[in-house]
Amino acid sequence: MMKLVTKRLILRDVFTKDAGDIAENANDKEIGNFTTVPYPYTIKNAKLFVKKNNSDKKKKPRKEYGFGITLKGKNRVIGLISLMKVSNVDKKAEIGYWLGKKYRKQGVLSEAEKAILNFGFNKLKLNKIYGKALTKNTGSNKLFKKFKFRKIGLLKEDVIKKGNKKDMYYWELLKSDWIKHKGKLK
């Protein structure tokens, strides 16, 4: 079992027994509006996600590392954070995450993101981690800025949500910039 441990969190593999927690926390209109997570989000969606995540772990080389975010001592999955589209050739991956509504604005995602960035750059030896966020997703865009991701550009009409074309910002963080800034990040 793979896990990353921080001061307050354990990021770990997810299992079928976590489907209820995942469904409860992901079934949020905001998450549906700002991510690829469907809304409404059901137990069936959660079980399919867990099954896919666990089958991805068996692929060699791995293309995705997904972690359930849990508070130490609680063992309930309150969100997910992943490195996706991992390229061992180009040494890069895309970051994605969501967090249950009642756990936001407490520094949980910042702590989880710092852990997964360390994992990506140090354990996986990536050179670049990139991400995308809808222009109106102020939370994710603030998090990218906090971790010194560089805004590369605007992806016009990059996704369609409920028939509406949405613009996204594209962000990237190089390992050299991470090394330079990570000691200064809280």
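Residues numbered from 1 in each chain as written. Predicted model: local features only at pLDDT ≥ 70, side-chain atom pairs only at ≥ 80, totals over all residues. Heavy atoms only, no water.

### Thoughts on the environment of lysine 29
- Mapped onto the secondary structure, lysine 29 falls in helix H2 (residues 29–34).
- Taking the relative accessible area as the measure of exposure, lysine 29 reaches 48% and is therefore partly exposed.
- Counting along the chain gives 71 residues from lysine 29 to glycine 100, while the straight-line C-alpha distance between them is 11 Å. (Helix = DSSP H or I, 4+ residues; strand = E, 2+ residues; numbered from the N terminus. Buried < 20%, exposed > 50% of the residue type's maximum accessible area, 1.4 Å probe, protein only.)

### Thoughts on a positive patch on the surface
- Where like charges cluster on the molecular surface, the positive patch consists of Lys105, Lys142, Lys145 and Lys151.
- Counting through the fold element by element, lysine 142 comes out in helix H5 (residues 138–146). (Patch = residues over 30% accessible without salt bridge, like charges linked within 9 Å, V, L, I, M, F, W, Y side chains within 5 Å. Areas by Shrake-Rupley, 256 points an atom, 1.4 Å probe, with all protein chains shown as cover. Salt bridge = Lys/Arg side-chain N within 4 Å of Asp/Glu carboxyl O. Lys, Arg positive; Asp, Glu negative; His and termini not counted. Charge placed at Lys NZ, Arg CZ, Asp CG, Glu CD.)

### Structural notes on unusual backbone geometry
- With an omega dihedral of -5 degrees, the bond running from tyrosine 39 to proline 40 counts as a cis peptide bond.
- Relative to the elements of secondary structure, proline 40 occurs in the loop between H2 and helix H3 (43–57).
- Its identity as a non-glycine residue notwithstanding, lysine 105 has a phi of 60 degrees, on the positive side.
- Locating lysine 105 in the fold gives a position in the loop between strand E5 (92–99) and helix H4 (108–123).
- Of note, the phi angle at lysine 125 is positive, near 60 degrees, even though the residue is not glycine.
- Mapped onto the elements, lysine 125 comes out in the loop between H4 and strand E6 (128–134).

### Digging into the packing of H4 against H5
- The N-to-C vectors of H4 and H5 enclose an angle of 50 degrees; their axes lie 11 Å apart at closest approach. As summarised for this structure, H4 and H5 are arranged oblique, according to the angle between their axes. In this structure, the crossing between H4 and H5 has a hand that is right-handed. For the pair formed by H4 and H5, the contact residues are Leu109, Ser110 and Glu113 on the first element and Leu143, Phe144 and Lys146 on the second. (Axes fitted to C-alpha atoms, helices over the stretch in contact; angles between N-to-C directions. Parallel < 35°, antiparallel > 145°, perpendicular 65-115°, else oblique. Left-handed = near helix turned anticlockwise from the far one by under 90°. Contact = heavy atoms within 4.5 Å.)

### Details of the environment of aspartate 21
- Assignment of secondary structure puts aspartate 21 in helix H1 (residues 19–26).
- Sequence-wise, aspartate 21 and lysine 148 are 127 residues apart; in three dimensions their C-alpha atoms are separated by 31 Å.
- With near-sequence residues (within four places) excluded, aspartate 21 lies in contact with Asn75, Arg76 and Val77.

### What about the sheet that holds E5?
- With mixed pairing, the 8 strands of this open sheet are ordered in space as E1-E2-E3-E4-E5-E6-E8-E7. Unpaired on one side and paired on the other, strand E1 (3–5) and strand E7 (150–161) mark the two borders of the sheet. Averaged over all pairs of adjacent strands, the angle between their axes in this sheet comes to 25 degrees, without regard to strand direction.
- Of the strands in this sheet, E1, strand E2 (9–12), strand E3 (65–71), strand E4 (77–87), E5, E6 and strand E8 (164–174) are in contact with H4, which crosses E4 at around 30 degrees. (Pairing = 2+ DSSP bridges.)

### Digging into H1
- Counting buried residues in H1 gives 6 out of 8 residues, a clear majority hidden from the surface.
- Considered for burial, the residues of H1 that qualify are Ala19, Asp21, Ile22, Ala23, Asn25 and Ala26.
- Looking at the packing, one finds that the buried side of H1 touches H2, H3, E4 and E5.

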